[in-house]
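Single-letter residue listing:
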Amino acid sequence: MDNSLKLHYEIPGDDFALAGEASSNVKKILTQLGVNPAIIKRVSIAMYEAEINAVIHANGGTAEVEIDSNKVTIIIKDEGPGIPDIELAMQEGYSTASEAVRELGFGAGMGLPNIKKYSDNFEIESIVGKGTTVKIEVWLKP
Amino acid sequence: MESYFHSVTLDEKKCKGCTNCIKRCPTEAIRVRKSKARIINERCIDCGECIRVCPYHAKKAITDSLDMIKSFKYKIALPAPALYGQFDTKYARNKILNGLKSLGFDDVFEVARGAEIVTYATRKLIEKGDYKKPLISSACPAVVRLIQVRFPSLIDNLVKIESPMEVSAILAKRKTMKLHHVSDDEIGVFFITPCAAKVTSIKAPYEKDKSAVDGAISIRDVYLRLLNNMDKSNESFELEISGAEGIKWASPGGEALGLGIDNYIAVDGIHNVIKIFEEIEKDRLKDVEFVEALACTGGCLGGPLTVENAYLAKSRLKKHIKDAAKVNDVIKMDSLTITAQKEMKNEINMDDLLLSDNGISFQWKENIKHRPIMKLDEDILKAIQKLDALEKINNNLPGLDCGACGAPSCRALAEDIVRGMADETDCIFKLRERVRQLALQMSELESKMPPVLDKEQANGDGE
Ligand SMILES: Nc1ncnc2c1ncn2[C@@H]1O[C@H](COP(=O)(O)OP(=O)(O)O)[C@@H](O)[C@H]1O
Ligand code: SF4
Ligand code: SF4
Ligand SMILES: [Mg+2]
């Protein structure tokens, strides 16, 4: 038996009320594992932002989470419109979110910068018309 | 595990073993076993949800009896401001306070007064700007305990100032020692409490070794006698020492209102509080300065040990607030400073409240600690294995969260199983599966006959 825990979540695209459920599940799991609260906070904010992006920009996707005693790896994948200019998207405050989405309190353009800030390793791949994959890694040991 | 005191307990005789309470508990602290609810002590935060929801009144709070005051020479009552909302508005605040005194106390010190001082200290803290945003009120001990067990990353956001009750107890004792020449241990200070959470914060404080309060008597327990005494007695000592600001604390938003800021959130009801805390943990409330969070719906007026309906109590409290504003004219904090200084004979410089150089400080001496009650194992590798097992068991359960197993959800049962506290067949659906399998095996076995009795075989052989 290998010593890691693998989890899979579907991220529904059309439901704002459910957005954030996967990250809040992962938060609960990390709490049960006794992970340091400051690290849990970083993981859950980074994952939450990536999850929300999949909901508001790409009509949903999936999350694969793997936890071992050293790190948490989160891969969030969608088949949405993709990001034409990743460098631009990574800038603080840059957002293409609609007015309606902003009114719900999303779309401040801080999601991707925060994911980068809170993760120890961050990778993003995107093909216009095909979709986007975000990989987040956070070390559990300092 | 070392024994963990908390106030909420079960009355075994009244408990029917229904599942109302297990579903409402915010920390999944209750299980039904052998037809009785059991509280997992270290998980309970004394929010009182189970007391409110139990249709058989089988959940109760451990509080002190009024008799306990007799063991002290000088007895002081510390009424929570929520007490004022319990009676018809024909009883003025001073009447209520005198009624309380007549139950056997030598003096009464309004906790509303302590609340005003906490308001003042919190204002100073906000002015100084040296804190983590948003600042979270520490007035409700159930909320502080919720943070300890479920939101440890918010510990740093707490207002680390003593609660109005502690401040009042400290001041009441100082005043009495000075005026009546009695020693510290001859004075008994008793909080008249709307809830179990406050009882626990007195008997097992989280921010210091010992509370300044000596006991807690529930509002419910004094209610009738107090009502009686108000009608009978004509005593009228001047016992009102609080202005309107302090009385407002009994209702949601009351504390926040006194801070003179606009960007605050006042949330009441433990499940609503959890939602707001989740938002803070996601960094979504950045422009909020202050969060007032109260475990009870309707704030302390909705406390589990109050008598009156919280909404009615709120409308009654309004009158007391109005009267206080009229009589004392201490709505502004500046005039409050003056009154407070006069009252304490200039003993306390309000500006120094946050410092300790004049010997009195209302800042917490110690910070509270994270209590990781949800942790599955000390060793992370073992915890990962248990979680793996937990997820697998959970995927096999029906996912109905019916509660018939005595756990609040299928996932909670899965957790109990990996912790060795429950068995898969506690699930009635799993049990039925097992019974069906056994039945199949039995009928299979039943069709098998020992050869000596097998007639067909014997007949066949004979011909
Ligand atoms: N999964 C995604 N699919 C398509 N576009 C995305 C995705 N994630 C981010 N983007 C683009 O990058 C921009 C910046 O993302 P982010 O920093 O999270 O800000 P916000 O979500 O508030 O707009 C988004 O406005 C969007 O144009
Ligand atoms: S008081 Fe609150 S935390 Fe304690 S058992 Fe009851 S519902 Fe759960
Ligand atoms: S809201 Fe007030 S009455 Fe309710 S638990 Fe908190 S302090 Fe006690
Ligand atoms: Mg975003």
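Residues numbered from 1 in each chain as written. Chains lettered and ligands numbered in written order. Predicted model: local features only at pLDDT ≥ 70, side-chain atom pairs only at ≥ 80, totals over all residues. Heavy atoms only, no water.

## What about the overall build of chain B?
Point 1. Helix and strand content of chain B: 17 helices and 11 strands.
Point 2. Scored against the burial criterion, the 463 residues of chain B give a buried share of 56%.
Point 3. Sequence-distant contacts in chain B: of pairs separated by 6 or more residues, those separated by 24 or more amount to 76%.
Point 4. Accessible surface for chain B amounts to roughly 21300 Å². Of this, 51% is attributable to carbon and sulfur atoms. (Helix = DSSP H or I, 4+ residues; strand = E, 2+ residues; numbered from the N terminus. Buried < 20%, exposed > 50% of the residue type's maximum accessible area, 1.4 Å probe, protein only. Contact = heavy atoms within 4.5 Å. Areas by Shrake-Rupley, 256 points an atom, 1.4 Å probe, with all protein chains shown as cover.)

## A short note on the overall build of chain A
Point 1. Broken down by element type, chain A carries five helices and five strands.
Point 2. Each helix and strand of chain A, placed in order from N terminus to C terminus, yields the pattern β-α-α-β-β-α-α-α-β-β.
Point 3. Relative to its length of 142 residues, chain A is compact, with a C-alpha radius of gyration of 15 Å against a globular reference of 14 Å.
Point 4. Projected onto its principal axes, the C-alpha positions of chain A cover 45 × 30 × 25 Å.
Point 5. Buried residues in chain A amount to 52% of all 142 residues.
Point 6. The contacts in chain A between residues at least 6 apart in sequence include a share of 64% that link residues at least 24 apart.
Point 7. Surface summary for chain A: the accessible area is close to 7000 Å², and the carbon and sulfur share equals 50%.
Point 8. Within chain A, one finds 13 positive and 21 negative side-chain charges whose respective centroids are separated by 7 Å. (Rg over C-alpha atoms; globule rule 2.2 N^0.38 Å. Lys, Arg positive; Asp, Glu negative; His and termini not counted. Charge placed at Lys NZ, Arg CZ, Asp CG, Glu CD.)

## Concerning the interface of chain A and chain B
Point 1. Taken residue by residue, the interface counts 25 residues in chain A and 24 residues in chain B.
Point 2. Contact between chain A and chain B buries roughly 2300 Å² in total, counting both sides, with carbon and sulfur atoms accounting for 59%.
Point 3. Among the residues of chain A in contact with chain B, A:Gln32, A:Leu33 and A:Lys41 are the three that bury the most area, contributing 27% of the side total.
Point 4. For the pair chain A and chain B, the number of links is two salt bridges. (Buried area = accessible area lost by both parts, 1.4 Å probe. Salt bridge = Lys/Arg side-chain N within 4 Å of Asp/Glu carboxyl O.)

## A look at the packing of helix H5 (residues 141-150) of chain B against helix H7 (residues 196-203) of chain B
Residues and elements named next belong to chain B.
Point 1. Running from amino to carboxyl end, H5 crosses H7 at an angle of 70°, the nearest separation of the two axes being 8 Å. Considering the angle they form, H5 stands roughly perpendicular to H7. Of the residues in H7, those in contact with Pro-141, Ala-142 and Arg-145 of H5 are Ala-197, Lys-198, Thr-200 and Ser-201.
Point 2. The residue makeup of the contact of H5 with H7, split by class, is three nonpolar, two polar and two charged. (Axes fitted to C-alpha atoms, helices over the stretch in contact; angles between N-to-C directions. Parallel < 35°, antiparallel > 145°, perpendicular 65-115°, else oblique. Nonpolar A, V, L, I, M, F, W, Y, C, P; charged D, E, K, R; others polar.)

## A word on the sheet that holds strand E7 (residues 135-136) of chain B
Hydrogen bonds along the backbone pair up the strands of a sheet, which may run parallel or antiparallel.
Residue and element names in this part refer to chain B.
Point 1. Reading across the sheet, the three strands line up as E7-E11-E10 and stay open at both edges, with parallel pairing between neighbours. Of all the strands in the sheet, just E7 and strand E10 (264-268) have a single pairing partner and so form its edges.
Point 2. Across two bridges, E7 lies against strand E11 (residues 290-294) in parallel orientation. Across the sheet, residue Ile-136 finds its bridge partner in E11, namely Val-291.
Point 3. Here helix H11 (residues 270-281) sits on the sheet in contact with E7, E10 and E11, set at roughly 150° to E11. (Pairing = 2+ DSSP bridges.)

## Here's the deal with the nonpolar core
Point 1. Ranked by size, the top nonpolar core spans 61 residues in total, and within it A:Leu30, A:Leu33, A:Val65 and A:Ile67 carry the most contacts.
Point 2. For this core, the element with the highest residue contribution is helix H2 (residues 37-58) of chain A, accounting for 12 residues.
Point 3. Residues in contact with A:Leu33, not counting those within four places in the same chain, are A:Ile67, B:Lys375, B:Ile380, B:Ala383, B:Ile384 and B:Leu387. (Core = buried A, V, L, I, M, F, W, Y, C linked by side-chain atoms within 4.5 Å.)

## Description of the site of ligand 3
Point 1. Residues in contact with ligand 3, as listed here, are B:Cys140, B:Pro141, B:Pro194, B:Cys195, B:Ala197, B:Leu294, B:Ala295, B:Cys296, B:Cys300 and B:Gly303.
Point 2. Residue classes in the shell around ligand 3 are distributed as nine nonpolar, one polar and no charged. (Near = heavy atom within 4 Å.)

## Looking at the domain arrangement of chain B
Residues and elements named next belong to chain B.
Point 1. For chain B, the assigned domains are domain 1 (1-62), domain 2 (66-132 + 150-252 + 297-361) and domain 3 (377-463).
Point 2. Facing the 10 residues of domain 1 at the interface are 14 residues of domain 3.
Point 3. Of the roughly 850 Å² buried between domain 1 and domain 3, counting both surfaces, carbon and sulfur atoms make up 40%.
Point 4. If you sort the residues of domain 1 by the area they bury against domain 3, Lys-23, Arg-31 and Arg-33 come out on top, with a joint share of 51%.
Point 5. Between Glu-415 and Arg-43 there is a salt bridge, with its nearest N and O atoms 2.8 Å apart.
Point 6. Here domain 1 and domain 3 share five residue pairs in polar contact (both at pLDDT 80 or more) between them.
Point 7. For the side of domain 1 that touches domain 3, the secondary-structure elements that each account for two or more residues are helix H1 (20-24) and strand E2 (30-33).
Point 8. A total of four residues in the side of domain 1 that touches domain 3 trace back to one element, the largest contributor, which is E2.
Point 9. Counted by class, the side of domain 1 that touches domain 3 contains four nonpolar, one polar and five charged residues. (Domains from an automatic or database assignment. Polar contact = N/O pair within 3.5 Å; in protein donor to acceptor, adjacent residues only side chain to side chain.)

## Focus on the packing of aromatic side chains
All names here are of chain B.
Point 1. Tallied over the full model, the rule gives four aromatic pairs over all chains.
Point 2. Measuring from centroid to centroid gives 5.2 Å for Phe-87 and Tyr-223, while their planes differ by 5°, and the two rings are stacked. Of this pair, Phe-87 sits in the loop between strand E5 (74-79) and helix H3 (93-101) while Tyr-223 is found in helix H8 (residues 219-232), placing the two residues 136 residues apart along the sequence.
Point 3. Taking relative accessible area as the criterion, Tyr-223 reaches 15% and is therefore assigned buried.
Point 4. Seen from the ring of Phe-237, Lys-101 lies directly overhead, with NZ or CZ sitting 4.0 Å from the centre. (Phe/Tyr/Trp six-rings, centres within 6.5 Å; stacked < 30°, edge-to-face > 60°. Lys NZ or Arg CZ within 6 Å of the ring centre and 35° of its normal.)

## Some thoughts on the sheet that holds strand E4 (residues 121-127) of chain A
Residues and elements named next belong to chain A.
Point 1. Pairing in this open sheet of five strands is antiparallel, and the strands run E1-E2-E3-E5-E4 from one edge to the other. Bordering the open sheet on either side are strand E1 (5-11) and E4, each of which pairs with just one other strand. Put simply, the sheet's adjacent strands are angled 10° from each other on average, direction ignored.
Point 2. Pairing between E1 and strand E2 (residues 61-67): seven bridges, direction antiparallel. Each residue of the ladder has a partner; that of Lys-6, found in E2, is Glu-66.
Point 3. Taken strand by strand, helix H5 (residues 111-118) contacts E4 and strand E5 (131-139), and its axis lies near 145° from that of E4.

## Notes on helix H1 (residues 21-32) of chain A
Residue and element names in this part refer to chain A.
Point 1. A rise of 1.5 Å per residue sets the reference length of H1, with its 12 residues, at 16 Å; its end C-alpha atoms lie 17 Å apart and thus fit the reference within 8%.
Point 2. Among the residues making up H1, those that are buried are Ala-22, Ser-23, Val-26, Lys-27, Ile-29, Leu-30 and Gln-32.
Point 3. Just downstream of H1 lies Gly-34, where phi reads positive at about 75°. (Expected span 1.5 Å × (residues − 1).)

## Topic: helix H15 (residues 410-418) of chain B
Point 1. Among the nine residues that make up H15(B), nine are buried, leaving the element largely enclosed by the rest of the structure.
Point 2. Regarding H15(B), the residues found buried are B:Cys410, B:Arg411, B:Ala412, B:Leu413, B:Ala414, B:Glu415, B:Asp416, B:Ile417 and B:Val418.
Point 3. Where the residues of H15(B) are buried, they touch H1 of chain A together with E2 and helix H14 (380-396) of chain B.

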